[in-house]
Amino acid sequence: MKGKFIVIEGIDGCGKTTQVDEISRWLPSSGLMKTGSKLITTREPGGSLLGKKLRGLILDNNENNKPSSLAELLLYSADRAEHVSKVITPALNNNDWVISDRFSDSTLAYQGYGRKINLEIIKNLESIVCQGEYPDLTFFLEISPLESILRRKNEIPDRIESEGIRFLEKVNQGFKLIAKQKNWKVISATQNIKTISNEIKDTILNNFSSDK
Ligand code: TMP
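Now for a quick tour of the structure.

Calculation rules
Residues take numbers from 1 onward in each chain, read along the sequence in its written order. Note on the predicted model: pLDDT of at least 70 is required for a residue's local features to be given, and 80 or more for side-chain atom pairs to be given and counted; whole-chain, interface and lining totals, by contrast, use all residues. Remark: hydrogens and water are excluded; side-chain values derive from all non-hydrogen atoms of the structure. Salt bridge, as applied in this entry: a Lys or Arg side-chain nitrogen positioned within 4 Å of an Asp or Glu carboxyl oxygen. Helix numbering and strand numbering both begin at the N terminus, where a helix is a DSSP run of H or I of at least 4 residues and a strand a DSSP run of E of at least 2. Exposed residues in this analysis have more than 50% of their type's maximum accessible area, buried residues have under 20%, and partly exposed residues fall in between, with area computed by a 1.4 Å probe over protein chains only. Inter-axis angles, ranging from 0 to 180 degrees, are taken between N-to-C directions of lines fitted to C-alpha atoms, where helices are fitted over the stretch in contact. Working definition: roughly parallel below 35 degrees, roughly antiparallel above 145 degrees, roughly perpendicular at 65 to 115 degrees, and oblique for all remaining angles. Each crossing is labelled by how the near helix is turned from the far one, with a counterclockwise turn of less than a right angle marking it left-handed and a clockwise turn marking it right-handed. Throughout, a contact is declared for two residues whenever any of their heavy atoms are within 4.5 Å. Classification convention: Asp, Glu, Lys, Arg as charged; Ala, Val, Leu, Ile, Met, Phe, Trp, Tyr, Cys, Pro as nonpolar; all other residues, Gly among them, as polar. Working rule for helices: expected span equals 1.5 Å times residues minus one. In this scheme, the bend at a residue equals the angle between the axes fitted to the seven residues that finish there and the seven that begin there. One requirement defines pairing of two strands: DSSP has to find at least two bridges between them. When at least one non-hydrogen atom of a residue lies within 4 Å of a molecule or strand, that residue is treated as near it. Pairs of N or O atoms within 3.5 Å make up the polar contacts considered here, provided that, within protein, one atom can donate a hydrogen while the other can accept it, and that residues adjacent in sequence are counted only when both atoms are side-chain atoms. Using a 1.4 Å probe, accessible areas were evaluated by the Shrake-Rupley method; residue-level cover was limited to the displayed protein chains. Pairs were defined over the aromatic rings of Phe, Tyr and Trp, the Trp ring being its six-membered one, requiring ring centres within 6.5 Å. Orientation was assigned from the angle between planes: stacked under 30 degrees, edge-to-face over 60, tilted for the rest. We call a charge positioned over a ring when the NZ of a Lys or the CZ of an Arg lies within 6 Å of the ring centre and within 35 degrees of the ring normal.

Scanning the model with the defined rule gives 16 salt bridges in all. Where R115 meets E163, a salt bridge forms, and the shortest distance between an N and an O atom there is 3.1 Å. Note that R115 is positioned in the loop between helix 4 (104-114) and helix 5 (119-129) and E163 in the loop between helix 6 (145-151) and helix 7 (165-181), a separation of 48 residues in sequence. E199 is the salt-bridge partner of K185, the closest N and O atoms lying 3.8 Å from each other. Note that K185 is positioned in strand 5 (residues 185-188) and E199 in helix 8 (residues 193-208), a separation of 14 residues in sequence. Judged by relative accessible area, E199 falls into the partly exposed class, the value being 25%. A network of salt bridges, in which partner residues are shared, links E72, R115, R159 and E163.

In structure tokens form, the structure reads like this:
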């Protein structure tokens, strides 16, 4: 028996983190999880102890520390390999549930569709890095690139967030394609927080109620 693995994806500012918080308050009392199993909320980059250090390196906005596209891909991959080995697999094997703010399809969207690194290279790397661990359910919180920029206009951007609207448009297009191919649950993230979280909860109930 393994726990369930749920992922929330979307471009910067789509409200993933808020929804991870909303869902993590509800899920343990939803009746879906087995008695004694825990809910682990996590994120990428930065879901493991080493990953927290990698996150600082990856998102550093200092021009002198900017990695090449290939180095960036490998840093996100290193973060994920450690995250899977040390956090995700142990939790799922323990029958715990995991909700992650981003996972491997962020690499496909940002480094593949955004940076234009060959998608086959990314998929090959993913098959090593994910070690057989793939989400049971993925949500795509959809906002436009313009909305993403407007929502974050008073924040200091990290290195990826500084890329601007053209880059975000490519990433967003990538996410839309992946969502269609992988049959993700797509939710318009311009709705209010409660409406979005209710849609997420209903989808989780529909997907997992019969597994109990
Ligand atoms: P966050 O803001 O969702 O924490 O993610 C940090 C940034 O890292 C965000 O701009 C998206 C980017 N990112 C990638 O470019 N590739 C990846 O594989 C992941 C997980 C995140």
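Where helix 2 (residues 49-59) contacts helix 3 (residues 69-93), the axes come no closer than 9 Å and their chain directions differ by 165°. Taken as axis vectors, helix 2 and helix 3 run roughly antiparallel relative to one another. Every pair of crossing elements has a handedness; the one defined by helix 2 and helix 3 is left-handed. In this structure, helix 2 uses L50, G51, L54, I58 and L59 to contact helix 3, whose residues at the interface are L75, Y76, A78, D79 and E82. Along the lines of polarity and charge, the residues of the contact of helix 2 with helix 3 split into 7 nonpolar, 1 polar and 2 charged.

With that settled, the discussion passes to helix 3. With 25 residues, helix 3 ought to run about 36 Å at 1.5 Å a step, and its terminal C-alpha atoms sit 34 Å apart, in line with that. By the largest-angle criterion, V84 marks the main kink of helix 3, which is about 45°. Two residues or fewer after helix 3 comes N95, characterised by a positive phi angle close to 75°.

Let us now look at the sheet that holds strand 1 (residues 5-9). Read from one edge of the open sheet, 5 strands run 2-3-1-4-5, paired in parallel fashion. Edge positions in the open sheet fall to strand 2 (39-43) and strand 5, since each of these has one partner strand only. With strand direction ignored, the average angle separating the axes of adjacent strands in the sheet is 20°. Pairing of strand 4 (residues 137-142) with strand 5, which is carried by 4 bridges, proceeds in the parallel orientation. Across the sheet, residue F140 finds its bridge partner in strand 5, namely V186. The sheet strands contacting helix 1 (residues 16-26) are strand 1, strand 2, strand 3 (97-101) and strand 4, and the helix crosses strand 3 at an angle near 160°.

Surrounding the ligand, one finds 14 residues, the nearest of these being D12, Y76, R102, T107 and Q111. Contacts to the ligand include Y76, whose side-chain N or O atom sits 2.8 Å from an oxygen atom. Across the complex, the protein chains shield 94% of the 470 Å² of accessible surface that the ligand would expose by itself. Put simply, the parts of the chain that give the shell around the ligand at least two residues each are helix 2, helix 3 and helix 4. Sort the elements by how many residues they give to the shell around the ligand and helix 4 lands first, with 4 residues. Across the shell around the ligand, the residue classes tally to 5 nonpolar, 3 polar and 6 charged.

Turning to the side chain of S104, a few remarks are in order. Tracing the sequence through the fold places S104 in helix 4. For S104, the side chain forms a polar contact with the side chain of E126, separated by 3.4 Å.

Looking now at the packing of helix 3 against helix 4. Interaxial distance between helix 3 and helix 4 falls to 11 Å at its minimum, and their mutual angle equals 175°. The angle between the axes of helix 3 and helix 4 places the two elements in the roughly antiparallel class. Contacts between helix 3 and helix 4 pair E72, L73, Y76 and R80 from the former with S104, T107 and Q111 from the latter.

Okay, the packing of aromatic side chains next. Ring pairs (aromatic) are described by centroid distance and by the angle formed between their planes. Overall, the coordinates contain 7 aromatic pairs when judged by the stated rule. Chaining the aromatic ring pairs together yields one cluster made of Y110, F140, F167, F175 and W184. The ring of F103 carries R80 above its face, with NZ or CZ at 5.7 Å from the centroid.

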